[in-house]
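Read off the chains here:
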Amino acid sequence: APRSGALARDVIQLLTGAVIGAILCFGGYFLSKIFGLSSYPVFAALENEVTLLLSLENLKNALGAVLYCGILSSGIAYTLQSYAQCRCPAALAAILMSFESVFALTCGWLFCHDRMTRLQLLGCLLLFVVIVFTQVLDTRRNTPAPTTAA
């Protein structure tokens, strides 16, 4: 794919996700109203959520969080990630993408004060080592060996 179309692709992906989410949410709501499916727990919960969502007061209270999540966290961060991935070597991009869980763990510890048990930390360390090992091994395997002149 051409690099100039990365932004257009990202916008299309975000809009497609929003449209599909809206169809599923409101479609399920209207189906439950039409066919009287409120006795099923999934549809009852969906009706409650949509009713809360359609409340003007609740929309006003949640507007800042929704805009932050939609614009900054999803739109801008996803676009920057896509832009950077197009401009770095494939091996480096693969390593950075493999570290997504490590970054999530670190940010959870720093900003949310998450705590992990020793067993969980050992599992994270094991995953970290395996990710680095496989990426380095794959990079070495794909690097051509130097030739010697006879």
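1. A look at the overall build of the chain
Thinking step 1. Broken down by element type, the chain carries 6 helices and 0 strands.
Thinking step 2. For the chain, the residues scored as buried account for 9% of the 150 residues in total.
Thinking step 3. Long-range pairs, those at least 24 residues apart, make up 49% of the contacts in the chain with a sequence separation of at least 6.
Thinking step 4. Carbon together with sulfur atoms contributes 72% to the accessible area of the chain, which is approximately 11,900 Å² in total.

2. Describing the packing of helix α4 (residues 90-98) against helix α5 (residues 100-111)
Thinking step 1. Look at α4 against α5: their axes get within 4 Å of each other, and the N-to-C directions meet at 40 degrees. When the axis of α4 is compared with that of α5, the two are oblique. Contact residues: Leu96, Met97 and Ser98 in α4; Glu100, Ser101 and Phe103 in α5.
Thinking step 2. For the contact of α4 with α5, a count of residues per class yields 3 nonpolar, 2 polar and 1 charged.

3. What to know about a nonpolar patch on the surface
Thinking step 1. A contiguous nonpolar surface patch, about 680 Å² in accessible area, is contributed by Leu63, Leu67, Tyr68, Ile71, Leu72, Ile76 and Leu80.
Thinking step 2. Checked against the element boundaries, tyrosine 68 lands in helix α3 (residues 56-86).

4. A closer look at α3
Thinking step 1. Compared with an ideal rise of 1.5 Å per residue, which puts 31 residues at 45 Å, α3 spans 41 Å between its outermost C-alpha atoms and is within 8% of the ideal.
Thinking step 2. At alanine 62, α3 shows its largest kink, close to 50 degrees.

5. As for the confidence of the model for the chain
Thinking step 1. When pLDDT is averaged across the chain, the result is 77; 89% of the residues are at 70 or more.
Thinking step 2. The least confident element of the chain is helix α2 (residues 41-53), whose mean pLDDT is 75; the most confident is α5, at 82.

Conventions we followed
Within each chain, residues carry numbers counting from 1 in the order of the written sequence. Note on the predicted model: pLDDT of at least 70 is required for a residue's local features to be given, and 80 or more for side-chain atom pairs to be given and counted; whole-chain, interface and lining totals, by contrast, use all residues. Side-chain numbers come from the whole structure's heavy atoms, not from hydrogens or water. Every helix listed is a DSSP run of H or I at least four residues long, and every strand listed is a run of E at least two residues long, numbered separately from the N terminus. Burial here depends on accessible area, computed with a 1.4 Å probe over protein chains only, as a share of the maximum for the residue type. Under 20% is buried, over 50% is exposed, and the range in between is partly exposed. Only heavy atoms enter the contact rule, under which two residues are in contact if any of them lie within 4.5 Å. Note that accessible areas follow from Shrake-Rupley with a 1.4 Å probe, and for residues the cover is restricted to the protein chains shown. Each axis is a line fitted through C-alpha atoms, and for a helix only the stretch in contact is used; angles between axes span 0 to 180 degrees, taken between their N-to-C directions. Should an angle fall under 35 degrees it is taken as roughly parallel, and over 145 as roughly antiparallel, whereas 65 to 115 is taken as roughly perpendicular and any remaining angle as oblique. Residue classes follow a fixed rule: Ala, Val, Leu, Ile, Met, Phe, Trp, Tyr, Cys and Pro count as nonpolar, while Asp, Glu, Lys and Arg count as charged, and any other residue, Gly among them, counts as polar. Any residue with relative accessible area above 30% and no salt bridge may belong to a patch, with like charges joined within 9 Å and the nonpolar Val, Leu, Ile, Met, Phe, Trp and Tyr side chains within 5 Å. Whenever a carboxyl oxygen of Asp or Glu lies within 4 Å of a side-chain nitrogen of Lys or Arg, that contact is scored as a salt bridge. Here the expected span of a helix is defined as 1.5 Å times the quantity of residues minus one. Bend at a residue means the angle formed by two fitted axes: the first through the 7 residues ending at that position, the second through the 7 residues beginning there. Known as pLDDT, the predictor's per-residue confidence is scaled from 0 to 100.

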